[in-house]
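Residues per chain, in single letters:
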Amino acid sequence: MASNRFEKLSNAGEKVSYPGLTIISGLIALLVASPLLWIVLRALQVNPTRAGELVFSARTAGILLTSLGLMVSVTVLSVAIGLPLAILTTRTNLPFRRFWTIVAALPLVIPSYIGAFAFVSAFGPYGEVSSLLGVPMPHVRGFWGAVLVITLYTYPYVFLTARAALLSMDASLVDAARTLNADRFEAFRRVTFPQIRPAIAAGALLTALYAISDFGTPAFMHVEVFTSAIYWEFGALNVEYAALLSLQLLAVTGIVLLIEANVGRDEDASGGTPSGSQIRLGRWKWPAMGTVAGIGILTLAVPIAIFGVWIVRGIGAEASTYAFEWEYALNSVYLAGLAAVIACTFAIPVGYLSSQSESILARLFERVTYVGFAVPGIVIGLALVFFGANYVPFIYREGVVLLVFAYVVRFLPQAVGSTRTSVLQVDDRLPEAARTLNAGRLETFRRVTLPLIAPGVVAGGVLVFLTTMKELPATLMLQPIGMETLVTLIWSAHGTAHYRYAALPALILVVISGLSMLVLLRQEDV
Amino acid sequence: MQRHDLSGRGTTINRRRFLGAGSAAVGTLAVAGCLDGLGGGDEDPFDSYEPQEAAAESSAVSWDDLGDLEGELTIYSARTQDQIDPLFEKLEDEYDDFTIKRDYDDEGDQLASILEEGENSPADVFYTQSSGELARLKDEGLARELPEDVIDAVDDNYRDSDGQWTGASGRVRAVQYNTDHFDGDDLPDDIFAYAEDERFRDVISTRPNSGTFHSFIVAMMEEEGEDATREWVRAMVEDQNATLYSSGSDQAEAVASGEQEIALGNQYYAGRIVDDDPDAPLDVTFTSNDPGCLFNVSGVAILEGADKPNLAAEFTRHIIAEQGQDFFVDVNGEYPVVDGVEYVGELPTLDEIDPLEFDLNKLGDVEPAIDLLREEGMTV
């Protein structure tokens, strides 16, 4: 609320410091950033002259340009899709809103590389769609193929964050603007947009970092970006050069994080009634529904249909070694659940501190937790292989500790972002009231703030759960020897052209992740 | 070159027989394993690196004559699960007290892991697709010399001259082609022609991220010199506009669907597709006595830091014994590395295809090949 924000500004002068919390946050940031040391260690092993040649080569410049192009295109397109969908499902009288909300959010549960498998099988002059309709279809591949696939499976980050902000923002402000004769567009631009801008920026940041760290899709679409080049160098056993490329990727990430920190400056979007007046779609109802349905068909129906075809037609030779067992699904859920719980535990102090404190350190620690999200899983994986085998051999590849840690390093920012936003939305007067009633800071947090931010924390946990379910490279490197999960089975079976065995675990992955997505959306509606 | 039927119908029956015993669960939730790691777990059940019973010999011995396998062996496998898991299961069925902890990953990732782990690798055995990685392992000082009888048993061409790794089965690089577009007899038997012939422009593909492809480039540089190799790579990328795949199965799939017409790669990807659909318009042919027809081995090394070198040695004897070799021939359509095992599959025998004679240890030095590929832009 406006008054609320004003209070906050006037309070900014009296600095509240959180020494204990700062230390805890710092330790968490240090912990999750520690695998990056390995990158520096390895990159330093490259002979400086050679390092110079490699870094300043035409090829590296090309990789940088392509990577940036991919990241920017995916981010812009994701906002272009995610934001209108968020408005459509929160502010309009779109029929069956709940259903369309689910459709719009679900693509996030499908790993983009699985989307890429499906799109390549479905489209192109020899694809399934062509043989079904008898019309030649264009290929989905190359740079724009990768942009398309990654966008379609990551725009939900923007959709979800923008939607949450729209739901919690005080919509009566828009009505006030309208009574002051602002037209709809101007009301959006001057009232709504500034309030949801940080949320859009937060979603766009996750999209951008995902896009630049996604490996499967660019490699599959034959596009040379940082991740595919890093993977290629790993495959060619040039670990040092891969580390050098990773450092460059980190530099890009640092810049992205700085940009977001400026665009996404906090506006206190907390607020009263989410009601406010709806936009009446009128005859635009049908095109609107058609658009959401179209995106749903492309992102959800196409892969599910392709997997169905693989199973029903029994495509690929028989190989009982790939037979599905429920244990694999349980392993996936167990790992993803652990990662989600630990990420939430880490996210609460970091997210809380960065939303409450004005200190540079608080901001820095929060930013540091994002870095792992931009680094390809194989880099984090190999860093922990090195650390695990040489310093903690008794847990290395025996239990799940290192693997879960790798997941937390990779996916923590999703929980931090979501926690932070929800703390910002807590009405400051409630904890203040508790303090005046002589509750200590910790007790206030436990009895007042925590229950209020719980939905946000859980939402972050669900995102961590979803992405962990999909993660592949670190899983392959760090899983206890002999432990199989849904994605490792998909990877093995698809990689050897045993498609029918890849399809079932892929469908189960989508169903389980889909159910967790429902939890996320249900919570928001309350 | 003649056309060869890839379908290998006999193999399906064999495979079923192997698997009839049921597909044992590969995955176990190894949370309880922590204590093992602390205390070093169970000991290597064997006393010495010597043969436990019969020694491996150059004319294959039977599993019955070898020592029993017992205990738990940890294997990092860069061979794919479908190709090697049935053999592991067969061994586990044969010996009640024997289990293999298997870890599957790509060859590059697997070797990168071992290099980071160094002496502390949990693996006893590294089992991989191509001798290039084995040679690299040796160069890093992480492989252990194999027992003398194993070294003596395997043909010199198929093992390390210092005895630090051995081939387990052989495979040959091939040219996969779409039979609607080409007749095998009309295809060149010279790998250089594939970079020059205009018929292949825009319809030829390769897969530069695989270990066997790297080996192929190393061999070409060794045999034909760096300039000729660079020209081949350049011409493939620029003149022929070759499509670069990151997966061998997608590459073969594209030829089978008609989207591509020629694929340079390993022949077994095509084999699988034809196995599934005998009508698929897909076949293989071979170049003659050049790097395009490089005979390479999949093979094993026992790690320097292995906890159970003796069990690993006895396992290796089983691989090169008669039943092990038969498995590769029957189930995978690969070539044996030990005399006395006949190749009976549908592919031509080694005498018929004229592969390049080549010291496989030279495949360990991939760096110049990788630099060349990077410089010419053949990277995916």
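These numbers were taken from a predicted model, which means no experiment stands behind them.

K.L.:
Outline the overall build of chain B, listing residues and values.
P.N.:
Secondary structure summary: chain B contains 15 helices and ten strands in total. Taken across its 380 residues, chain B has 64% of its residues classed as buried. Here the contacts in chain B between residues at least 6 apart in sequence split such that 80% fall between residues at least 24 apart. Counting only carbon and sulfur atoms, one obtains 39% of the accessible surface of chain B, whose full area is about 13,300 Å².

K.L.:
Give me the interface of chain B and chain A: which residues, what numbers.
P.N.:
Listed by partner, the interface residues are 64 residues for chain B and 64 residues for chain A. Summing both partners gives a buried area of about 5,400 Å² for chain B against chain A, and 52% of it is carried by carbon and sulfur. Inspection of the chain B/chain A interface yields five salt bridges. Ionic pairing is found between Glu116(B) and Arg42(A), a salt bridge with its closest N-O pair at 2.8 Å. Where chain B packs against chain A, one counts 18 residue pairs in polar contact (both at pLDDT 80 or more). For the side of chain B that touches chain A, a count of residues per class yields 24 nonpolar, 19 polar and 21 charged.

K.L.:
Got a sec to walk through the side chain of Asp105(B)? Specific residues and values, please.
P.N.:
Looking at where Asp105(B) falls in the secondary structure, it is placed in the loop between strand 2 (98-104) and helix 4 (107-117). As a buried residue without a salt bridge, Asp105(B) has its nearest oppositely charged side chain in Arg397(A), at a separation of 6.6 Å. Beyond its immediate sequence surroundings of up to four residues, Asp105(B) is in contact with Leu476(A), Met477(A), Trp491(A), Ser77(B), Ala78(B) and Gln110(B).

K.L.:
Explain helix 19 (residues 401-424) of chain A residue by residue, including any values.
P.N.:
Here helix 19 of chain A spans 32 Å end to end across 24 residues, near enough to the 34 Å set by a 1.5 Å rise per residue. Burial within helix 19 of chain A is extensive, with 22 of its 24 residues counted as buried.

K.L.:
I'd love a proper account of the environment of Leu250(A), names of residues and values included.
P.N.:
Residue and element names in this part refer to chain A. Its place among the elements puts Leu-250 in helix 14 (residues 239-263). By relative accessible area, Leu-250 is classed as buried at 17%. Note: C-alpha distance between Leu-250 and Val-375 (125 residues apart in sequence) is 7.2 Å. When near neighbours in sequence (up to four residues on either side) are disregarded, Leu-250 contacts Leu-36, Ile-39, Val-371 and Val-375.

K.L.:
So, the confidence of the model for chain B: which residues are in play, and what are the values?
P.N.:
Low pLDDT marks regions whose predicted coordinates should not be analysed in detail. Residues and elements named next belong to chain B. With 88% of its residues at a pLDDT of 70 or more, chain B has an overall mean of 84. pLDDT under 50 marks residues 1-40. Its contacts with residues more than four places away, or in other chains, come to 80 contacts. If you check the scores for this complex, the pTM reads 0.88 and the ipTM reads 0.86.

K.L.:
Can you tell me about the pattern of salt bridges, naming the residues and giving the values?
P.N.:
Residue and element names in this part refer to chain A. Applying the stated criterion to the full structure yields 33 salt bridges over all chains. Notably, a salt bridge pairs Glu-186 with Arg-190, separated by 3.0 Å at the nearest N-O pair. Of this pair, Glu-186 and Arg-190 both sit in helix 11 (residues 184-213), separated by four residues, roughly a single helical turn. A salt bridge links Glu-366 to Arg-420; the nearest nitrogen and oxygen atoms lie 4.0 Å apart.

K.L.:
Give me the lowdown on the pairing of strand 1 (residues 71-77) of chain B, citing residues and values where you can.
P.N.:
All names here are of chain B. Counting buried residues along strand 1, six of its seven residues qualify, which places the element largely inside the surrounding structure. Relative to strand 2, strand 1 is paired through seven bridges, and the arrangement is parallel. Bridge pairing in strand 2 places Leu-73 opposite Ile-100. Handedness of the crossover is the feature at issue here: the chain leaves strand 1, passes through helix 3 (residues 81-94), returns alongside strand 2, and the resulting connection is right-handed. The pairing of strand 1 with strand 3 (residues 125-128) spans three bridges and is classified as parallel. Across the sheet, Ser-77 pairs through a bridge with Tyr-127, a residue of strand 3.

K.L.:
Hey, could you go over the confidence of the model for chain A for me, with residue numbers and the actual values?
P.N.:
On average, residues of chain A carry a pLDDT of 87, and 94% of them reach 70 or more. In this model, residues 1-14 of chain A is a region of pLDDT below 50 whose contacts with residues beyond four sequence positions or in other chains number 18 contacts.

K.L.:
Can you break down the packing of helix 11 of chain A against helix 17 (residues 360-374) of chain A residue by residue, with the values?
P.N.:
Residues and elements named next belong to chain A. Orientation of helix 11 relative to helix 17, taken along the N-to-C sense of each, is 40°, at an axis distance of 8 Å. Between helix 11 and helix 17, the angle falls in the class oblique. Each of Leu-205, Leu-206, Leu-209, Tyr-210, Ile-212 and Ser-213 in helix 11 lies in contact with helix 17, whose residues at this interface are Arg-367, Tyr-370, Phe-373 and Ala-374. For the contact of helix 11 with helix 17, the per-class residue count stands at eight nonpolar, one polar and one charged.

K.L.:
Tell me about the nonpolar core, and please be specific about residues and values.
P.N.:
In terms of nonpolar packing, the biggest core is built from 290 residues, with Met517(A), Tyr127(B), Trp232(B), Ile262(B) and Phe315(B) touching the most fellow members. Top element by residues in this core is helix 9 (residues 142-168) of chain A. It accounts for 14 residues. By size, the runner-up hydrophobic cluster in this structure holds twelve residues, among which are Tyr18(A), Ile348(A), Tyr352(A) and Ile453(A).

K.L.:
Got a sec to walk through a nonpolar patch on the surface? Specific residues and values, please.
P.N.:
Residues and elements named next belong to chain A. Taken together, the side chains of Ile-23, Leu-27 and Leu-30 make up a nonpolar region of the molecular surface, amounting to roughly 340 Å² of accessible area. Relative to the elements of secondary structure, Leu-27 occurs in helix 2 (residues 19-33). According to the relative accessible area criterion, Leu-27 is exposed, its value standing at 54%.

K.L.:
Can you explain the packing of aromatic side chains? Please cite residues and give values.
P.N.:
Within the structure shown, the criterion is met by 29 aromatic pairs over all chains. Their ring planes at 90° and their centres at 5.0 Å tell us that Phe143(A) and Trp144(A) sit as a pair that is edge-to-face. In this structure, Lys362(B) packs its charged tip against the face of Phe358(B), placed 5.9 Å from the ring centre.

K.L.:
An account of the packing of helix 5 (residues 58-91) of chain A against helix 14 of chain A is requested, with residue identities and associated values reported.
P.N.:
Residues and elements named next belong to chain A. Running from amino to carboxyl end, helix 5 crosses helix 14 at an angle of 40°, the nearest separation of the two axes being 12 Å. Between helix 5 and helix 14, the angle falls in the class oblique. Note on packing geometry: the crossing formed by helix 5 with helix 14 is right-handed. Here Arg-59, Thr-60, Leu-64, Leu-68 and Met-71 of helix 5 lie close against helix 14, whose contacting residues are Tyr-241, Gln-248, Val-252 and Val-256. Looking at the contact of helix 5 with helix 14 residue by residue, the class counts come to six nonpolar, two polar and one charged.

K.L.:
Please set out the side chain of Thr468(A) residue by residue, giving values where relevant.
P.N.:
Counting through the fold element by element, Thr468(A) comes out in helix 21 (residues 441-470). With sequence-adjacent residues up to four places away left out, Thr468(A) is seen in contact with Leu335(A), Ala336(A), Ala339(A), Tyr407(A) and Phe411(A).

K.L.:
Provide a residue-level description of a negative patch on the surface, including the pertinent values.
P.N.:
Taken together, the side chains of Glu53(B), Asp64(B), Asp65(B), Asp68(B), Glu70(B), Asp93(B), Glu94(B), Asp96(B) and Asp97(B) define an acidic patch exposed on the protein surface. Judged by relative accessible area, Glu94(B) falls into the partly exposed class, the value being 39%.

K.L.:
Please provide a residue-by-residue account of helix 23 (residues 486-495) of chain A, values included.
P.N.:
Residues and elements named next belong to chain A. Of all ten residues in helix 23, eight are buried, a share of seventy percent or more. Here helix 23 has its buried residues at Leu-486, Val-487, Thr-488, Leu-489, Ile-490, Ser-492, Ala-493 and His-494. Ala-497 sits one or two positions beyond helix 23 and adopts a positive phi of about 65°.

Rules used in this analysis
Residues numbered from 1 in each chain as written. Chains lettered and ligands numbered in written order. Predicted model: local features only at pLDDT ≥ 70, side-chain atom pairs only at ≥ 80, totals over all residues. Heavy atoms only, no water. Helix = DSSP H or I, 4+ residues; strand = E, 2+ residues; numbered from the N terminus. Buried < 20%, exposed > 50% of the residue type's maximum accessible area, 1.4 Å probe, protein only. Contact = heavy atoms within 4.5 Å. Areas by Shrake-Rupley, 256 points an atom, 1.4 Å probe, with all protein chains shown as cover. Buried area = accessible area lost by both parts, 1.4 Å probe. Salt bridge = Lys/Arg side-chain N within 4 Å of Asp/Glu carboxyl O. Polar contact = N/O pair within 3.5 Å; in protein donor to acceptor, adjacent residues only side chain to side chain. Nonpolar A, V, L, I, M, F, W, Y, C, P; charged D, E, K, R; others polar. Lys, Arg positive; Asp, Glu negative; His and termini not counted. Expected span 1.5 Å × (residues − 1). pLDDT = per-residue confidence, 0-100. Pairing = 2+ DSSP bridges. Right-handed = clockwise from strand over helix to strand, strands pointing away. Axes fitted to C-alpha atoms, helices over the stretch in contact; angles between N-to-C directions. Parallel < 35°, antiparallel > 145°, perpendicular 65-115°, else oblique. Core = buried A, V, L, I, M, F, W, Y, C linked by side-chain atoms within 4.5 Å. Patch = residues over 30% accessible without salt bridge, like charges linked within 9 Å, V, L, I, M, F, W, Y side chains within 5 Å. Phe/Tyr/Trp six-rings, centres within 6.5 Å; stacked < 30°, edge-to-face > 60°. Lys NZ or Arg CZ within 6 Å of the ring centre and 35° of its normal. Left-handed = near helix turned anticlockwise from the far one by under 90°. Charge placed at Lys NZ, Arg CZ, Asp CG, Glu CD.

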